[in-house]
Amino acid sequence: MKRILTLVILLFATMSVMAQSQYYGQRISQFEVLPVHSNSLVFLGDDLVNGCEWHEVFCNRHIKNRGITGDRSSWLVNRLDTIIGGRPKKIFLMVGINDLMHGVAPREIASNIDRVIKRFEKESPWTRIFVHSLLPTNPEIPKPASHELDLKDLIAETNRMIEALCEERKNVLYIDVYSALSDDQGLLDPKFTNDGLHLSGEGYLEWKTVIEKHVK
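Report on the accompanying structure. The model shown is predicted, which means the values in this text are computed figures rather than measured ones. (Residues numbered from 1 in each chain as written. Predicted model: local features only at pLDDT ≥ 70, side-chain atom pairs only at ≥ 80, totals over all residues. Heavy atoms only, no water.)

For the rest of this paragraph, the subject is the pairing of strand β1 (residues 41-45). Most of β1 is tucked away, with 5 of its 5 residues classed as buried. Bridge count for β1 against strand β2 (residues 63-67) is 5 bridges, and the pairing is parallel. From the neighbouring strand, Leu41 faces β2, where its bridge partner is Ile63. Note: β1 against strand β3 (residues 90-94), 5 bridges, orientation parallel. Note on β3: the bridge partner recorded for Leu41 is Lys90. (Buried < 20%, exposed > 50% of the residue type's maximum accessible area, 1.4 Å probe, protein only. Helix = DSSP H or I, 4+ residues; strand = E, 2+ residues; numbered from the N terminus. Pairing = 2+ DSSP bridges.)

Shown next, in the form of structure tokens:
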């Protein structure tokens, strides 16, 4: 029975990986046929970016959502061509939480974000880059199990590294969204989430208040 259970778990894990791979490819194929323009404001990143209808939140038709659920910083580095080729006006970047959940070190995340910035500096130097902090998580909210990791210290370390690399750049601004969404314990405030990782509508509205002046 134990062997059968193990095989079932492995089967579901394999199916999950395949489904994620298919989904990732589907999103990439959409981005390839939906062009970015010089007046575009591109939201780039992972689940947290993908999960919001940014153009509706800001009532701005120039906003392009280029988030992909499950994305990691190293993967994002390899899908920049269609974005940089459009020479967008602004980039709003958030990526790294999935890396931490899969054991990637903060230094490697910061290094990958640095690679993204360098590509824009070289190939689209007039693009203004806004790099978000990673958001807090809340392991005390019990579902799903994959979101119950205590990442507080790793998130803080990653954010310090991201902020430091942004301070060295002329056309790059670090934006602290972490503080706006955290409670007194430094965890994701329950009023902004239902699973301890992703945001509710109220969470996105709070995020909006932090970055609104930069979007406009």
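Still more ground to cover, so stick around.
Another point: the side chain of Asn65. Looking at the secondary structure, you find Asn65 in strand β2. By relative accessible area, which is 19% here, Asn65 ends up buried. Polar side-chain contacts of Asn65 include one of 2.9 Å to the backbone oxygen of Cys52. At a separation of 2.8 Å, a polar atom in the side chain of Asn65 contacts the main-chain amide nitrogen of Gly67. For Asn65, the residues in contact, after removing those within four places along its chain, are Arg27, Phe31, Phe43, Val49, Asn50, Cys52 and Trp54. (Polar contact = N/O pair within 3.5 Å; in protein donor to acceptor, adjacent residues only side chain to side chain. Contact = heavy atoms within 4.5 Å.)

Under the criterion given, the structure shown has 9 aromatic pairs. Consider the rings of Tyr24 and Trp75, whose centres lie 5.7 Å apart with planes at 85°: the pair is edge-to-face. Separated by 51 residues along the polypeptide, Tyr24 in helix α1 (residues 2-33) and Trp75 in helix α4 (residues 73-77) bring together distant segments of the chain. For the ring pair Trp54 and Phe58, a centre distance of 6.4 Å and an interplane angle of 20° mean the geometry is stacked. The exposure classification of Trp54 matches that of Phe58, with both residues buried. Of the aromatic side chains, those joined through ring pairs into one cluster are Phe43, Trp54, Phe58, Phe92, Phe130, Tyr204 and Trp207. For Lys208, the ring lying beneath its charged end belongs to Phe58, and the centroid distance is 5.8 Å. (Phe/Tyr/Trp six-rings, centres within 6.5 Å; stacked < 30°, edge-to-face > 60°. Lys NZ or Arg CZ within 6 Å of the ring centre and 35° of its normal.)

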